[in-house]
Amino acid sequence: MKTILVSIAGLSPQIITETLYYYLIERKPPIWINEVKVLTTYPGKQKIMETLLDKNNGKFYSFCKDYNINPKDIKFDESSVLVLGGDAPIEDIISDKDSAETGNEVVKFTKEISMIPDSNCIYSIAGGRKTMTAYLSLAAQLYGKDDDVLSHTLVSPDFESNRDFYYIPPENKEMEVKDTFGNIIKTLNTKDAKIYSSEIVFLKLRKFLNTKDDLFYDDLVGIAQKRIDFCGDKIVAFDIKNTSVLLGNKKVKLRPIEICIYYLFYYFKIKCKNDFCGDCTDCYLSVNDLSSDDNIKIILNVYEKIYSKNSGHFERLSESFKNQNKGNEFFMQNVSNINKKLKKHLNAFEYPVYRISKTGNYGKRYGIFVDKRNVKRETLYG
Ligand SMILES: [Zn+2]
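Residues numbered from 1 in each chain as written. Predicted model: local features only at pLDDT ≥ 70, side-chain atom pairs only at ≥ 80, totals over all residues.

## Digging into the pairing of strand E10 (residues 244-247)
Of the two faces of E10, only one is covered, namely that formed by Val 245 and Leu 247; the face formed by Ser 244 and Leu 246 stays uncovered. Of the strand pairs in this sheet, strand E9 (residues 236-239) and E10 are connected by 4 bridges, and their pairing is antiparallel. When the bridges of E10 are listed, Val 236 appears paired with Leu 247. Counted between consecutive antiparallel strands, the loop separating E9 from E10 contains 4 residues, among which Thr 243 sits at a positive phi close to 45 degrees. Pairing geometry for E10 and strand E11 (residues 250-253), over 4 bridges, is antiparallel. Bridging across to E11, Leu 247 finds its partner in Lys 250. Connecting E10 to the antiparallel partner E11 that follows it, the hairpin turn spans 2 residues, and Gly 248 within it adopts a positive phi of roughly 65 degrees. (Buried ≥ 20, exposed ≤ 12 C-beta atoms within 10 Å, placed from the backbone. Helix = DSSP H or I, 4+ residues; strand = E, 2+ residues; numbered from the N terminus. Pairing = 2+ DSSP bridges.)

## What to know about the packing of helix H8 (residues 256-269) against helix H10 (residues 293-306)
The N-to-C vectors of H8 and H10 enclose an angle of 130 degrees; their axes lie 9 Å apart at closest approach. Taken together, the axis directions place H8 and H10 in an arrangement best described as oblique. Classified by chirality, the crossing of H10 by H8 is right-handed. Within the contact between the two elements, H8 uses Pro 256, Cys 260, Ile 261, Tyr 263, Leu 264 and Tyr 267 and H10 uses Asn 295, Ile 298, Ile 299, Val 302, Tyr 303 and Ile 306. Here the residues of the contact of H8 with H10 sort into 11 nonpolar, 1 polar and no charged. (Axes fitted to C-alpha atoms, helices over the stretch in contact; angles between N-to-C directions. Parallel < 35°, antiparallel > 145°, perpendicular 65-115°, else oblique. Left-handed = near helix turned anticlockwise from the far one by under 90°. Contact = placed C-beta atoms within 7 Å. Nonpolar A, V, L, I, M, F, W, Y, C, P; charged D, E, K, R; others polar.)

## A short note on the sheet that holds strand E4 (residues 119-124)
Taken together, 6 strands build an open sheet; the order of strands is E3-E2-E1-E4-E5-E8 and the sheet is mixed. Whereas interior strands pair on both sides, the edge strands pair on one side only; in this sheet they are strand E3 (81-83) and strand E8 (195-200). Put simply, the sheet's adjacent strands are angled 25 degrees from each other on average, direction ignored. Bridge count for strand E1 (residues 2-9) against E4 is 6 bridges, and the pairing is parallel. By the bridge assignment, Val 6 is partnered in E4 with Tyr 123. The strands that helix H5 (residues 130-143) touches are E1, E4 and strand E5 (149-155); relative to E1, the one it contacts most, it runs at about 150 degrees.

## Some points on the sheet that holds strand E14 (residues 365-368)
The sheet built from 3 strands is open, its strands ordered E12-E14-E13 with antiparallel pairing. Bordering the open sheet on either side are strand E12 (285-286) and strand E13 (356-359), each of which pairs with just one other strand. Across 4 bridges, E13 lies against E14 in antiparallel orientation. Directly across from Thr 359, in E14, lies its bridge partner Arg 365.

## What to know about the domain arrangement of the chain
Examined at the domain level, the chain breaks down into domain 1 (2-227) and domain 2 (234-379). Relative to domain 2, the C-alpha centre of domain 1 lies at a distance of 52 Å. (Domains from an automatic or database assignment.)

## Brief notes about the pairing of strand E6 (residues 174-178)
Looking along a regular strand, one sees the side chains alternate between the two faces of the sheet. As defined by bridge partners, E6 adjoins strand E7 (residues 184-189) across 5 bridges and the pair is classed as antiparallel. Pairing of Lys 178 across the sheet is with Ile 184, part of E7. Hairpin connection between E6 and E7: a loop of 5 residues separates the two successive antiparallel strands, and Gly 182 in this loop has a positive phi of roughly 90 degrees.

## With respect to the nonpolar core
Ranked by internal contacts, the top residues of the largest apolar core, which has 53 residues, are Val 106, Tyr 123, Leu 136 and Ala 139. Listed by contribution, the elements that provide at least two residues to this core are E1, helix H1 (14-26), strand E2 (35-40), helix H3 (59-66), helix H4 (96-114), E4, H5 and E5. The leading source of residues in this core is H5, at 7 residues. Leaving out residues up to four positions away in the same chain, Ala 139 has contacts with Val 106, Val 107 and Thr 110. (Core = buried A, V, L, I, M, F, W, Y, C linked by C-beta atoms within 7 Å.)

## Comments concerning the packing of H8 against helix H12 (residues 328-345)
For the pair H8 and H12, interaxial distance at closest approach is 10 Å and the crossing angle is 95 degrees. By the angle class used here, H8 and H12 are roughly perpendicular. Of the residues in H12, those touching H8 at Ile 257, Glu 258, Ile 261 and Tyr 262 are Phe 331, Asn 334, Asn 337 and Ile 338. For the contact of H8 with H12, the residue count by class is 5 nonpolar, 2 polar and 1 charged.

Quick look at the structure:
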């Protein structure tokens, strides 16, 4: 497992060495960083190349040398620094258009890094234009993984504003502070410098998004929001004995055989392997699945909860399944009757969520859109 420092830089690339210093040296216990990835503007990249990555005077190399770190152990070179706008670099973020473009690029940058296998990320939200770091936090929220960290590195004010300060060296060093005319106004000693970090907890929405899609930031937020809204109040609770089901806040009574068939779809839904099952169809059933021996057993089990095993009702249903009198047509007829009843009881927003819908033109499969997390499992067998 490798750790990637994901950083945004403006014209003060110090924040990168300061953050490296914090995680590798200051933090107890330290966190090793295997790779640095930076998104910056075109002038920002030039600045990084001159001040941090210059082979002779680059501060990244002097930091490694000061602390006996082999610079090859941390992948940080020109290829690690991406420029906003790519081939049409953005110099600075001034207009709304720049800002929207920045948002999309930061999201794309974050997503790509989050897809690197066996890695976790430290998203550093110090440094860079506020628009960029704001988007980095939001992008981390969309794509961050369970162990990722959102980190804000802080440097004591005197040093933060000092252009010559990059990290706290092992040997104390004096530094001059000059005014705009170049006159020395005071002298600082690096022993007084402090670099620390606050790690910020953040929501992780990755599971709500399909990482295969390449979407714009606005759309991603829209999708995540819809899915969150969706999870809250679309509860499904069965009351088998009374052959009814609670859908959201509406109770719908079905015929005994209908409730058993409707139940069957939820039985497969809650077994679905997808985290978010709201719009998945993996747990849908074909007509042949519906009438398989195993599924007929499930239907009969539920039916038995309504009518006892010794009842005439139970015997008749069980017999007709045995004699294969109840084929595909029987199931399709019931699906259609269930949907008719649901439509009568539910409004235009509720009906599409709870009805038995079909998917695919060829070899149609049937299932219910509602997410499996909305199903009250404890009511499934009662
Ligand atoms: Zn599913």
